[in-house]
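Now for the letters of each chain:
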Amino acid sequence: MIQEILQELEPFGARLVAVSKTKPIDQILEIYHQGQRIFGENRVQELMDKKDKLPSDIEWHLIGHLQRNKVKYIAPFIRMIHSVDSIDLAKEIDKQAEKCSRRIPVLLQIRIAEEETKFGIEPQKVDQFVGDLLSLNLDHLKISGVMGMASFVEDEDQVAAEFHLLKEIFNRIKADYFIGSPDFCELSMGMSGDYQIALRQGSTLVRIGSLLFGSRN
Ligand SMILES: *Cc1c(COP(=O)(O)O)cnc(C)c1O
């Protein structure tokens, strides 16, 4: 399965985050031995439990909602946090990154889905958010792009429109705040059910779980 997915990503130059949440160590190792190095988890406790049992060259991405009091556990090693949606969380990541003498790559999670979801910055508030964030000069954050999740619907046009919106927000923020900065380059969008649509809309990182590992209970 993974080879087929990688072949689909190749012409787009996109990378795969293998979403291993709820999956056991041996299944993760199976994918690892096929060459995959980027894995994503959405819960800190589960990530900590798995990390020490798995090879140290895995690049762990935190893709789910992150509570401030959990940041300290992952700060020493996390390779990217996809889910920054509050200034307080950004400040905490910066603080913990400084303690580890690291600069942690983060993505701003934007609420692009029409359906009611709890997390993410509202599209109309993104400019204000980025302005506020940059005014804080959080030197230990590497603001690397945006992440979003489309509505869970059959209508492919709606999904495409939501990913398109995220791409537009990415382009606008890059032009307004990160012109000439190579750091701001990631558009994290697309999951098992919609990654092909996301690729056509310019995704650079797809987060795929069930298609790779089988469905979760
Ligand atoms: C679980 C999860 C995914 C992967 O979902 P699949 O449909 O299993 O591919 C991607 N992104 C986030 C934020 C998730 O929580």
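Look above for the structure.
Residues numbered from 1 in each chain as written. Predicted model: local features only at pLDDT ≥ 70, side-chain atom pairs only at ≥ 80, totals over all residues. Heavy atoms only, no water.

1. Some remarks on the pairing of strand S4 (residues 80-84)
- Buried residues dominate S4, accounting for 5 of its 5 residues.
- In this structure, strand S3 (residues 59-62) lies alongside S4, joined through 2 bridges in parallel fashion. If you follow His61 over to S4, its bridge partner there is Met80.
- Relative to strand S5 (residues 104-110), S4 runs parallel, the two sharing 2 bridges. Across the sheet, Val84 pairs through a bridge with Leu108, a residue of S5.
- This β-α-β element, S4 to helix H5 (residues 87-99) to S5, shows right-handed connectivity. (Buried < 20%, exposed > 50% of the residue type's maximum accessible area, 1.4 Å probe, protein only. Helix = DSSP H or I, 4+ residues; strand = E, 2+ residues; numbered from the N terminus. Pairing = 2+ DSSP bridges. Right-handed = clockwise from strand over helix to strand, strands pointing away.)

2. Re the side chain of Glu92
- Examined against the element boundaries, Glu92 turns out to sit in helix H5.
- Among all residues touching Glu92, those that are not within four sequence positions of it are Arg68 and Val71. (Contact = heavy atoms within 4.5 Å.)

3. Things to note about a negative patch on the surface
- On the surface, Glu154, Asp155, Glu156 and Asp157 cluster together into a negatively charged patch.
- Within the secondary structure, Glu154 is located in the loop between strand S6 (141-148) and helix H7 (156-177).
- Judged by its relative accessible area of 77%, Glu154 is exposed. (Patch = residues over 30% accessible without salt bridge, like charges linked within 9 Å, V, L, I, M, F, W, Y side chains within 5 Å. Areas by Shrake-Rupley, 256 points an atom, 1.4 Å probe, with all protein chains shown as cover. Salt bridge = Lys/Arg side-chain N within 4 Å of Asp/Glu carboxyl O. Lys, Arg positive; Asp, Glu negative; His and termini not counted. Charge placed at Lys NZ, Arg CZ, Asp CG, Glu CD.)

4. With respect to the packing of aromatic side chains
- Applying the stated criterion across every chain yields a total of 3 aromatic pairs.
- Ring centres of Phe170 and Phe184 lie 5.2 Å apart, and the angle between their planes is 15°; on these two criteria the pair is classed as stacked. Taken as a pair, Phe170 in helix H7 and Phe184 in the loop between H7 and strand S7 (186-188) lie far apart in primary sequence, 14 residues in all. Each member of the pair, Phe170 together with Phe184, is buried.
- Here the aromatic rings of Phe178 and Phe184 are separated by 4.4 Å at their centres, their planes lie at 5°, and the arrangement is stacked. Phe184 shares its class with Phe178; the two are buried.
- An aromatic cluster of at least three residues, connected via ring pairs, comprises Phe170, Phe178 and Phe184.
- If you follow Lys51 out to its NZ or CZ, it ends over the ring of Phe77, 4.6 Å from the centre. (Phe/Tyr/Trp six-rings, centres within 6.5 Å; stacked < 30°, edge-to-face > 60°. Lys NZ or Arg CZ within 6 Å of the ring centre and 35° of its normal.)

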